[in-house]
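Here is what each chain is made of, one letter per residue.
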Amino acid sequence: GLPEQEFSRQAVMEWLTTCPVAPPSSRAGFSPSLWDTISRRAGVVRGLGQWRERLATYATRLEEEASEEEVEAVALRKRREAQAARHLASFVETLGAAARPPEQGSSWRTLAQWASELLHRYLDRQLLSDQEQGAWEDIQRGLAEMESLEPVEPQPTLQQFAMALDELLSARTGRLGKFGQGVFVAPLGAALGMEFDHIYVLGMVEGAMPPRVPDDPLVPDEARRRAGMPLRASRQAEERYDY
C-alpha cells in the first residue's frame with residue numbers, strides 16, 4: 001500500500017516502527033525511532049522526491065552547523081544525525097524501487113515472485129515466533145499456488161492480484177502467544193480477583209473514576225427503599241469497592 005499512499009511519512013514510519021522490518025545488509029544507521037524524529041524535523045510529508053531532497057537538505061544543514069559548532073559533543077551529535085538522515089534517504093530510495101509493482105499485464109508467476117521477494121527482503125524472520133513462522137510458510141505456499149491461476153486468468157490486473165494477496169495475508173493463523181498471555185479488556189468489576197503485570201485505566205479523572213452518582217430526582221433512594229428497589233447509593237458503593 002505504500003506506493004498508493006505516495007510513501008507518506010506517516011505510512012512509512014508506521015510500517016517501520018510496528019512491523020518486524022529487516023535492516024539493510026550493512027545494518028548501518030538502521031534506527032526506526034531515530035528515523036521517525038529525523039523525517040519529522042526534515043519536513044517530509046509524502047513522495048519519494050521529498051524523502052530524497054528534504055533529507056539531503058536537512059543533512060547538509062546539520063553538517064554545516066556541526067562544522068561551526070564550538071562544543072564538540074554537540075557537533076558530534078549533529079554529524080551523527082546528518083549521517084542517519086542520509087541512511088534513511090538511501091533506505092527509502094531502495095524501498096521505493098523494490099515496492100514498485102510489475103507492469104500491468106504481468107503473469108501471476110511474475111506478481112507472486114515480486115511479492116515473495118519483498119517478504120524475503122524486508123521481513124526479519126528472526127523476530128517471528130514459532131506460530132508466525134508457520135504463517136510465513138503458509139504465505140509462501142499460497143504465493144506459489146497463485147501460479148495455478150494462469151490458465152484461468154493469464155494476465156491479471158494489479159487490482160486482482162492485490163485482492164488475492166490481501167485475502168492470503170488476512171487468513172486466520174490461530175491465536176498468537178501462550179495461553180494466559182495477552183491483553184484483557186473489560187469493566188473493572190470483571191477483573192476482580194485477577195492478577196496483571198500492567199493495568200491501564202482509561203478516563204481515570206477525579207469525579208469520574210469512580211463516578212459520583214447523584215440521587216434520582218424522579219425516584220429518589222427514599223422512594224426506592226420503600227418500594228424495595230435497588231438503591232443508587234448501593235450501586236455507587238459497589239463501584240467504589242471495584243475501584
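So, here is what we can say about the structure in this document. Just so you know, these numbers come straight off a predicted model, no measurement behind them.

Details of a nonpolar patch on the surface
Line of reasoning, step 1. Residues Phe184, Leu188, Met194, Phe196, Ile199, Val201 and Met204 make up a contiguous nonpolar surface patch of roughly 610 Å² in combined accessible area.
Line of reasoning, step 2. The exposure class assigned to Phe196 is partly exposed, which follows from its relative accessible area of 32%.

A look at the nonpolar core
Line of reasoning, step 1. One finds Trp15, Leu16, Trp51, Leu55 and Phe91 to be the most contacted residues of the largest nonpolar core, which totals 28 residues.
Line of reasoning, step 2. Broken down by secondary-structure element, the contributors of at least two residues to this core are helix 1 (9-18), helix 2 (32-42), helix 3 (48-68) and helix 4 (72-98).
Line of reasoning, step 3. For this core, the leading source of residues is helix 4, giving nine residues.
Line of reasoning, step 4. Those residues within four positions of Trp51 in sequence are excluded, and the remaining contacts are Phe7, Ser8, Arg9, Val12, Met13, Ser39, Val44, Leu88, Ala89 and Val92.
Line of reasoning, step 5. Counting residues in hydrophobic clusters, the runner-up holds 11 residues, among them Ala112, Ile139, Met146 and Leu168.

Overview of unusual backbone geometry
Line of reasoning, step 1. Although it is not a glycine, Glu6 sits at a positive phi angle of roughly 55°.
Line of reasoning, step 2. Not every positive phi belongs to a glycine, and Phe7 is a case in point at roughly 50°.
Line of reasoning, step 3. Assignment of secondary structure puts Phe7 in the segment before helix 1.

A short note on the environment of Gln140
Line of reasoning, step 1. Along the chain, the position of Gln140 falls in helix 6 (residues 130-145).
Line of reasoning, step 2. For the pair Gln140 and Ala115, spaced 25 residues apart in sequence, the C-alpha to C-alpha distance is 9.6 Å.
Line of reasoning, step 3. The residues contacting Gln140, other than those within four sequence positions of it, are Ser116, Leu119 and His120.

About the criteria used
- Residues numbered from 1 in each chain as written.
- Predicted model: local features only at pLDDT ≥ 70, side-chain atom pairs only at ≥ 80, totals over all residues.
- Heavy atoms only, no water.
- Patch = residues over 30% accessible without salt bridge, like charges linked within 9 Å, V, L, I, M, F, W, Y side chains within 5 Å.
- Areas by Shrake-Rupley, 256 points an atom, 1.4 Å probe, with all protein chains shown as cover.
- Salt bridge = Lys/Arg side-chain N within 4 Å of Asp/Glu carboxyl O.
- Buried < 20%, exposed > 50% of the residue type's maximum accessible area, 1.4 Å probe, protein only.
- Core = buried A, V, L, I, M, F, W, Y, C linked by side-chain atoms within 4.5 Å.
- Helix = DSSP H or I, 4+ residues; strand = E, 2+ residues; numbered from the N terminus.
- Contact = heavy atoms within 4.5 Å.

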